[in-house]
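Take a look at the letters that make up each chain.
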Amino acid sequence: MNTNTQVATMRVFCIANQKGGVGKTTTAINLAAGLAKLNQRVLLIDLDPQGNATMGSGIDKSLLAHNLYDVLIGESNITEARVHSENGGYDVLPANRELSGAEIDLIGMQERELQLKQALAKVEDQYDFVLIDCPPTLSLLTLNGLAAAHGVIIPMQCEYFALEGLSDLVNTIKRVHRNINPELSLIGLLRVMFDPRVTLQQQVSAQLEAHFGDKVFKTVVPRNVRLAEAPSHGMPGVNYDPSSRGAQAYIAFGAEVIARVNTSNE
Ligand code: ATP
Ligand code: MG
């Protein structure tokens, strides 16, 4: 596989799961850093007022001149609001708690769910991948993400209730596909925080493969303490400890995502 070739068009992926704490932000940050290592031009959008993707990329969310909120309400644009993550090698459209106000401010706007899509159209030729770190809710913010995206990557832990939550999310994707964004598809399911010693996790993992077949990414991200430590240093795990098993998994995942995009372009 030639990972040096740039993909033909900008691909926009939401990293989403309405369940909290499943590894969305960790996946968004480390996939961004992994793709950057593979010479891709990446923009990471922090769609969560918690601002975890911003902080985890080494950007202080309390010191932002502009943030995603300003872009969504039309008071700024991506070129002005983005910040380069030195630690990650990618750009970030950062967020902080101000973004929670966007929920209310957007309600009165026309095409309120299309604000992010319209903002992204202006930087289309500047990136190979745009990754959107979604909050753990199906809000107007998440809807802006899904409306702007070509696909959804779902990180999940192989636990007992995981499959049940998954069907809700898959139905949401279908509904958005039908009503707002016909381009939207499920790119794949990524097993994260995986511990092969736990029999239940092996069973759920096998069930996932049986149900979703090729939609389950080959890469499996192990539970790895280096990935959990990295955000407190403002660094993606991929760069904090490149030789760790977690970092290696996310780099492999980056290559798998590029391969999947290139196959779907053929
Ligand atoms: P939220 O729904 O609040 O946005 P999230 O889905 O974005 O959460 P993360 O913040 O990425 O989830 O991860 C939750 C916690 O699990 C964090 O403390 C993170 O460091 C840790 N974590 C994520 N992935 C791994 C992993 N592979 N190994 C060990 N710890 C992990
Ligand atoms: Mg998060």
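Bear in mind that the values here come from a model prediction, so they are computed numbers and not experimental data.

K.L.:
I tried to follow the overall build of the protein chain on my own but got confused; where do I start?
P.N.:
In terms of helices and strands, the protein chain carries twelve helices and eight strands. Its C-alpha radius of gyration of 17 Å places the protein chain within 12% of the 18 Å reference for a compact globule of 266 residues. Counting only C-alpha atoms and orienting by the principal axes, one finds that the protein chain spans roughly 50 × 40 × 35 Å. Contacts in the protein chain between residues far apart in sequence, at least 24 positions, make up 79% of those at least 6 positions apart. Accessible surface computed for the protein chain: about 11800 Å², of which carbon and sulfur atoms make up 50%. Charge centroids of the protein chain, computed over 22 positive and 28 negative side chains, lie 7 Å from each other.

K.L.:
Sorry if this is basic, but what is going on with the site of ligand 1 here?
P.N.:
Around ligand 1, the surrounding shell holds 17 residues, and the nearest of these are G21, K24, T25, T26 and N224. Measuring from an oxygen atom of ligand 1, one finds a backbone N or O atom of V22 at 3.0 Å. A distance of 2.6 Å is found between an oxygen atom of ligand 1 and a side-chain nitrogen or oxygen belonging to T26. In the complex, the protein chains occlude 80% of the 630 Å² of accessible area that ligand 1 would expose alone. With respect to the detected pockets, ligand 1 is housed in the largest pocket. Within the residue set of the shell around ligand 1, elements represented by two or more residues are α1 (24–37), β8 (216–222) and α10 (225–229).

K.L.:
So what exactly am I meant to see when it comes to the pattern of salt bridges here?
P.N.:
Opposite charge on two side chains permits them to pair, given that their charged atoms come into close proximity. By the definition in use, this model includes seven salt bridges. Two residues, R226 and D241, come together in a salt bridge whose shortest N-O distance is 2.8 Å. Taken together, the positions of R226 in helix α10 and D241 in the loop between α11 (237–240) and α12 (245–265) put the pair 15 residues apart, joining distant regions of the chain. You can call R226 partly exposed: its relative accessible area is 30%. Among the residues examined, D241 registers a relative accessible area of 15% and is labelled buried. R260 is the salt-bridge partner of E256, the closest N and O atoms lying 3.9 Å from each other. Taken as a pair, E256 and R260 lie in helix α12 at a separation of four residues, close to a single helical turn. In this structure E256 comes out as buried when scored by relative accessible area, which is 14%. Residue classification places R260 among the partly exposed positions, given a relative accessible area of 23%. Through salt bridges with shared partners, one network takes in R226, E229 and D241.

K.L.:
Mind showing me how you'd approach the packing of helix α8 (residues 162–179) against helix α9 (residues 199–212) here?
P.N.:
Working note: a packed helix pair is described by the angle between its axes plus the distance between those axes. Put simply, α8 and α9 touch, their axes get as near as 12 Å, and they point 30° apart. Relative to α9, the element α8 lies roughly parallel. Handedness of the α8/α9 crossing: right-handed. Taking contact as the criterion, the partners of L163, L166 and V170 in α8 are, on α9, Q207, L208 and F212. Taken together, the residues that form the contact of α8 with α9 break down as five nonpolar, one polar and no charged.

About the criteria used
Residues numbered from 1 in each chain as written. Chains lettered and ligands numbered in written order. Predicted model: local features only at pLDDT ≥ 70, side-chain atom pairs only at ≥ 80, totals over all residues. Heavy atoms only, no water. Helix = DSSP H or I, 4+ residues; strand = E, 2+ residues; numbered from the N terminus. Rg over C-alpha atoms; globule rule 2.2 N^0.38 Å. Contact = heavy atoms within 4.5 Å. Areas by Shrake-Rupley, 256 points an atom, 1.4 Å probe, with all protein chains shown as cover. Lys, Arg positive; Asp, Glu negative; His and termini not counted. Charge placed at Lys NZ, Arg CZ, Asp CG, Glu CD. Near = heavy atom within 4 Å. Polar contact = N/O pair within 3.5 Å; in protein donor to acceptor, adjacent residues only side chain to side chain. 1 Å grid on protein atoms, 1.4 Å probe; cavity = no way out; pocket = protein on both sides within 12 Å on 5 of 7 lines; lining within 4 Å. Sits in = over half its atoms within 2 Å of the grid points. Salt bridge = Lys/Arg side-chain N within 4 Å of Asp/Glu carboxyl O. Buried < 20%, exposed > 50% of the residue type's maximum accessible area, 1.4 Å probe, protein only. Axes fitted to C-alpha atoms, helices over the stretch in contact; angles between N-to-C directions. Parallel < 35°, antiparallel > 145°, perpendicular 65-115°, else oblique. Left-handed = near helix turned anticlockwise from the far one by under 90°. Nonpolar A, V, L, I, M, F, W, Y, C, P; charged D, E, K, R; others polar.

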